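Tertiary structure, described
Here is what each chain is made of, one letter per residue.
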Amino acid sequence: MRFGMTTFLATTGLIVSCFGAIAAEPTYEGQFVQGGIVFGQTDPGSSILLDGNAIDTIGPDGAFILGFPRDYEGPAKLTLRKADGAVEEYAYDIGDREFDIQRIDGLPPKMVTPDPKVMDRIKDDSRQAREARVERFTQEFYKNGFIWPVLGPISGVYGSQRILNGEPRAPHWGVDIAVPTGTEVVAPADGIVTLAHPDMYFSGATLFIDHGLGMVSAFLHLSEIDVKVGDVVRQGDPIAKVGASGRATGPHLDWRINVGDARVDAALLVPPMEDAQKAAKAKASN
């Protein structure tokens, strides 16, 4: 697999009960940190629980994905039940991270506290987003790796706490790239389009791409969506254009990733933006 991220294994405790056998620990690629994404591999036919909760989608080859939310404290407790009935238990430390605080003042009041008249619309937007993440694809599209969907200055980071007009809000779940309206957005990895909404209240024109095994990219505040639900896209394919739709203070792409219900940090999947920009310039000059 090719992934533009730091790869390490963070095992802190190992408890194995498999009827006396010596168990082969699953292999991992990714980061055991708050907001981290970890790609695991175990024996085909295994069932997996993370902290007692079943991981719904496992690849036919035993591949699985773990996502650790922003405030996850750990240790992460993984339980594997193999096809032969053997049970293995592992524990992994989760690294702490510090997150930025961002203050944004001068927003129109309606952009901070929605008018009660639009609450039905907001609830329906949330319903559609949830339903777009319900279906689980066993195709492992993500295995071709990830690239940035657009290159440019990073104006917002995952996990930052936004204070709007002095009122604390939920953490920011995406990475924001500030580029002009109309800038082409490409698929960061292979996947299937599961949502293409022209105008959600908060996120404006919104696009979801499912990369398999419960891993979904979301692209917010678009000016144009160039694909439709059911389309299979490949890494680098044009999928949309940057905009400032929904609740946005200016044109930018907000790229987010969920692993199941866990909101994780998309920036951990790709090289640092500066490195990606340098590589793009070098490629263009050749």
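Refer to the structure presented above.
Here the structure is a predicted model, which is why all the values come from computation and not from measurement.

**Examining the overall build of the protein**
A count of helical and extended segments in the protein gives 3 helices and 21 strands. Split into buried and exposed, the 286 residues of the protein put 49% on the buried side. Across the protein, every contact between residues at least 6 apart in sequence was considered, and the portion connecting residues at least 24 apart equals 70%. Carbon and sulfur atoms make up 52% of the accessible area of the protein, which totals about 13500 Å².

**Digging into the side chain of Thr-57**
Looking at the element boundaries, Thr-57 is found in the loop between strand E5 (53-54) and strand E6 (63-67). Among all residues touching Thr-57, those that are not within four sequence positions of it are Arg-136, Phe-137, Thr-138 and Leu-213.

**Thoughts on helix H2 (residues 119-132)**
Every α-helix carries 3.6 residues per turn, so stepping three or four residues along brings you back to the same face. If you check H2, its first and last C-alpha atoms are 20 Å apart, about what 14 residues at 1.5 Å a residue would give, namely 20 Å. Within the span of H2, buried status applies to Ile-122, Asp-125, Ala-129 and Ala-132. Take H2 and look down its axis: the buried residues cluster within an arc of 90°, on one side only. In H2, those exposed residues whose orientation departs by more than 90 degrees from the buried face are Asp-120, Lys-123 and Arg-130.

**Here's the deal with the sheet that holds strand E2 (residues 27-30)**
Adjacent strands of a sheet pair through backbone hydrogen bonds, lying either parallel or antiparallel. Strand order across the open sheet formed by 3 strands is E2-E3-E6, with antiparallel pairing between neighbours. The open sheet has two edge strands, E2 and E6, and neither has a second partner. Here the strands of the sheet are splayed against their neighbours by 25° on average, with no regard to which way each runs.

**A word on the sheet that holds strand E12 (residues 167-171)**
With mixed pairing, the 3 strands of this open sheet are ordered in space as E9-E11-E12. In the strand order of this sheet, the two ends are held by strand E9 (101-104) and E12, each with one partner. Strand-to-strand, the axes of this sheet are offset by a mean angle of 25°, without reference to chain direction. Looking at chain direction, strand E11 (residues 161-164) and E12 are connected through 3 bridges and run antiparallel. What sits directly across from Ile-163, in E12, is Pro-168.

Parameters at a glance
- Residues numbered from 1 in each chain as written.
- Predicted model: local features only at pLDDT ≥ 70, side-chain atom pairs only at ≥ 80, totals over all residues.
- Heavy atoms only, no water.
- Helix = DSSP H or I, 4+ residues; strand = E, 2+ residues; numbered from the N terminus.
- Buried < 20%, exposed > 50% of the residue type's maximum accessible area, 1.4 Å probe, protein only.
- Contact = heavy atoms within 4.5 Å.
- Areas by Shrake-Rupley, 256 points an atom, 1.4 Å probe, with all protein chains shown as cover.
- Expected span 1.5 Å × (residues − 1).
- Arc of directions from axis to C-beta.
- Pairing = 2+ DSSP bridges.
- Axes fitted to C-alpha atoms, helices over the stretch in contact; angles between N-to-C directions.

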